[in-house]
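Commentary on secondary and tertiary structure
Below are the chains, spelled out letter by letter.
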Amino acid sequence: MQQRISYYQYPSMDKYDLHYLKLDLSAEPGSRFISGTAGWKARAKEPMDSFIMEFKNNMVLDSVYINGVKKTFQRGSDHVFIPLSPTVSAGSELDLTFYYQGTANSNGVFSGSQSSSGLTYTATLSESYQAREWFPAKQFLGDKIDSADIWITTTLPNKAGSNGLLVAQVPKPGNKMQYQWKTRYPMNYYLPHFSVGNYMEYLNYAKPAAIAPDSILIQNYISDNPTYFNSVKTNIDKTPPFIELYSEQFGLYPFHEEKYGHVHAGIGGGMEHQTMSTMNSFGSTLIAHELGHQWWGDQVTCASWNHIWLNEGFASYCEYLAIESLPSLFTTTAATYMNNVHNNVMSVNTGSVYVPDTDLYNEGRIFSGRLSYNKGSAIVHTLRFIMQDDNLFFQALRNFQQQYKDSVATATDFKQVVETTSGKNLDDYFNQWYYGEGFPTFNITYLMQGVDSIVLVVNQTTSSPAVTPFFKGLYELSITSTQGDTTVLINLEQNNQVFKIPYQKTPNGIVVDPNNWVINRTGTIVFGGVIPVRVNNWKAEGLTDCSFKLQWTAENQGTTENYIIEYRADSNQFVQVGEVLPVAGATASYQFTYQPNQSGTAYFRLLSVDRFGLRTYSPVISVEDPCRPQTAVNIRPNPAIDHAEILLNIPVAGNTQWRLVNSAGQVVY
Ligand SMILES: [Zn+2]
């Protein structure tokens, strides 16, 4: 595939609507030389004093006719300019015929031989900007033609495959045959095509339930080589069940009144030419992919190359859907397939599915296997997960196909259809997975709380944090245990989020996203790495200013949220009288001063709260009120024999009674 191209398009080409294309060309297998005519029917959308279309300078344009009148024209910058005098008014119908010939560049026309199959071929491939390489074109995605006739003349016994139905085969002088193909379905500019080669024809029929007992013709043009045919027949025979599957999932095959088919040519891969994909080979997933494009790319085309996701992401996801629904037709499993997709996406830390404007002429980026295909399909799978309802997911896809049928759409259009269908807000999904870059890596700590709950602390780092610092949303976790694994769904909104889940087994691990719904990596999974904080040296003392100084040290306080000081006086209830936030570090010392507004013995306890909600109390400690009014009696000397001095300290005014009793119990005074 070509990489960055230099490309300019005259915007005034959009002054007209191109609605019909007729190609009447001669071509031979093994040669890129093409000759013949291109006919256009166009309608002026506004007054026009010149008619402009795209055609590569290397192709020879012999003459141009408009409404039967031969026109002068100029060429330059891979465009053709036809002055119109008098000016054509809006609404005018223009019937144009271009007589041309030339050897097309190898980036728009592929020719050669394939030794493995014995095929000699010439085939066109116009996506993304290469229609102009082999016919006069208007390369505007939004301007679909309504219908086309494509007639290809080639030397027998070669055949020519193209779009729509083969309505006639007309013998021509020199042992040639003209294959007349006709399609009446709307089609974008890069999907008209032909392939010529030494083909045999092989037919299948698909029978979607929606049109029973009718069926859909599947017309295959394959290298006329029995050994090769036998090697690919099994896979080609999978096409009917694929059509039937996608007709259920996305709506009836869009071109069922004409056909589907494959034409064999050495183009390096596959190309989803409308109603007849061009195939370099016949792998099962390639067959599924190009067929999927008949909905995703052909019936609905991306409105600009920014949104190639709607073509390639979904066609790639069609591969997954076929494997998932028809596992007996594949050697790989859906799980292995998606796992490989994820691994390829994560081989680089950055890159969005959305193609930024700066890359609109970078075909290497538009058709990036990692971003447009792999990541594109992986995030469709994520969207399906977010729906949490396959019926809803496929209904949204069908609604989108129906709403944008025969037209073009952006990812925003798709988003609106899915949001309307599901009632779910997809802002985060599109910002993170479509426009955003990278993927999350999860670090999870888990521990049992009691015997019937498990606590999970979920953290995530991201691979491209400057662009996408966090991936919010639903994630599936499997708590593994010898007593059986338990799958739980979490809705992650921030780092360090704690999930407390009823759980009565003995866990031995956590598997993040066991079903590969979301592109992610697993970092560290730690069990019991979180130990509740331990409070040591918990003590209190009364101070001379009548307050109390409380002190403690803490170990393992990594998950501690706060320390709460509780107080009661004598028989009252404990009440919170203070809160201390932990300082950094696993171990720390604290003190807190409290002055009660009542006197008497003070009782304190310390409550440690961690972010799992674990609440741990210290022992209760009591301390005398340092300022409590006290009645003090001092006797000296003590013991006394014949005399004693008695000092009374009576702090409160009022009457006081006292007695003096000796050690024999006799009242002395
Ligand atoms: Zn594709």
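Notes on the structure follow. (Residues numbered from 1 in each chain as written. Predicted model: local features only at pLDDT ≥ 70, side-chain atom pairs only at ≥ 80, totals over all residues. Heavy atoms only, no water.)

Here's the deal with the sheet that holds strand E15 (residues 194-197)
Here 4 strands make up an open sheet; going across it, the order is E9-E10-E15-E12 and the pairing antiparallel. Only two strands of the sheet have a single neighbouring strand rather than two, namely strand E9 (109-114) and strand E12 (159-162). In this sheet, neighbouring strand axes are inclined to one another by 15° on average, regardless of whether the strands run parallel or antiparallel. Across 4 bridges, the pairing between E12 and E15 is antiparallel. Bridging from a neighbouring strand, Ser162 pairs with Phe194 of E15. (Pairing = 2+ DSSP bridges. Helix = DSSP H or I, 4+ residues; strand = E, 2+ residues; numbered from the N terminus. Axes fitted to C-alpha atoms, helices over the stretch in contact; angles between N-to-C directions.)

Observations regarding helix H1 (residues 226-236)
For H1, the complete set of buried residues consists of Tyr228, Phe229, Val232, Asn235 and Ile236. Summarising the axial view, the buried residues of H1 lie within an arc of 115°, below the 170-degree limit, and thus occupy one face. Residues of H1 that are exposed and angled more than 90 degrees away from the buried face: Pro226, Thr227, Asn230, Ser231 and Thr234. Capping the start of H1 is the job of one residue whose side-chain oxygen sits 3.0 Å from the backbone nitrogen of Thr227: Asn225. (Buried < 20%, exposed > 50% of the residue type's maximum accessible area, 1.4 Å probe, protein only. Arc of directions from axis to C-beta. Polar contact = N/O pair within 3.5 Å; in protein donor to acceptor, adjacent residues only side chain to side chain.)

Focus: the state of the cysteines
Taken as a whole and assessed by the stated rule, the structure comprises 1 disulfide. Here Cys546 engages in a disulfide with Cys627; their sulfurs sit 1.8 Å apart. Residues Cys546 and Cys627 share a disulfide whose torsion about the S-S bond is about -100°; that sign makes it left-handed. Of this pair, Cys546 sits in the loop between strand E30 (534-542) and strand E31 (548-555) while Cys627 is found in the loop between strand E37 (621-623) and strand E38 (632-636), placing the two residues 81 residues apart along the sequence. Cys546 sits in the partly exposed class, given a relative accessible area of 26%. Exposure remark for Cys627: the relative accessible area of 30% places this residue in the partly exposed category. Summary of cysteine pairing: Cys302 is not part of a disulfide, and the nearest cysteine sulfur, belonging to Cys318, is at 15 Å. On the basis of relative accessible area, Cys318 is assigned to the buried category, the value being 0%. (Disulfide = S-S within 2.5 Å.)

Concerning the coordination of the zinc ion
Surrounding the zinc ion are the protein donor atoms His289 (NE2), His293 (NE2) and Glu312 (OE), which sit 2.0 Å from the metal. The motif formed by the donor residues of the zinc ion, counted along the single chain, is H-x3-H-x18-E. Its relative accessible area of 0% is what places His293 among the buried residues. (Donors = N, O, S within 2.8 Å, 3.2 Å for Na, K, Ca; no water.)

Here we look at unusual backbone geometry
The residue after Ser85, namely Pro86, is reached through a cis peptide bond having omega 5°. In this structure, Ser128 follows Glu127 across a cis peptide bond, with omega equal to 10°. Even without a glycine there, the phi angle at Ser77 is positive, about 50°. Within the secondary structure layout, Ser77 lies in the loop between strand E6 (74-76) and strand E7 (79-88). Residue Asp78 is not a glycine yet carries a positive backbone phi of 60°. For Asp78, the position within the fold is in the loop between E6 and E7. Since its relative accessible area comes to 16%, Asp78 is described here as buried.

Quick look at the sheet that holds strand E14 (residues 176-183)
Pairing is mixed across the open sheet formed by 8 strands, whose spatial order is E5-E4-E8-E2-E1-E11-E14-E13. Looking at the sheet topology across the chains shown, the edges are occupied by strand E5 (69-71) and strand E13 (165-172). On average, adjacent strands in this sheet sit at an angle of 20° to one another, irrespective of strand direction.

Quick look at helix H7 (residues 369-387)
Taking 1.5 Å per residue, 19 residues should reach 27 Å; H7 reaches 26 Å between its end C-alpha atoms and fits that length. Helix geometry: H7 is bent most strongly at Lys375, by close to 30°. Taking burial as the measure, the 19 residues of H7 include 16 buried ones, the bulk of the element. The first or second residue beyond H7 is Gln388, which carries a positive phi of 55°. (Expected span 1.5 Å × (residues − 1). Bend = angle between axes of the 7 residues up to and from the residue.)

Concerning the packing of aromatic side chains
Per the stated rule, a full pass over the model turns up 59 aromatic pairs. The interplanar angle of 85° and the centroid separation of 5.0 Å between the aromatic rings of Tyr8 and Tyr10 together place this pair among those described as edge-to-face. Of the residues examined, Tyr10 reaches a relative accessible area of 25% and is grouped as partly exposed. For the ring pair Trp296 and Phe314, a centre distance of 4.3 Å and an interplane angle of 20° mean the geometry is stacked. With Trp296 in the loop between helix H3 (284-292) and strand E21 (300-302) and Phe314 in helix H4 (residues 309-325), this residue pair connects regions lying 18 residues apart in the sequence. A single burial state applies to Trp296 and to Phe314, both of which are buried. The ring of Trp151 has Lys22 sitting right over it, with the charged end atom 3.5 Å from the ring centre. Positioned above the aromatic ring of Tyr16 is the side chain of Lys138, whose terminal nitrogen or guanidinium carbon lies 5.0 Å from the ring centre. (Phe/Tyr/Trp six-rings, centres within 6.5 Å; stacked < 30°, edge-to-face > 60°. Lys NZ or Arg CZ within 6 Å of the ring centre and 35° of its normal.)

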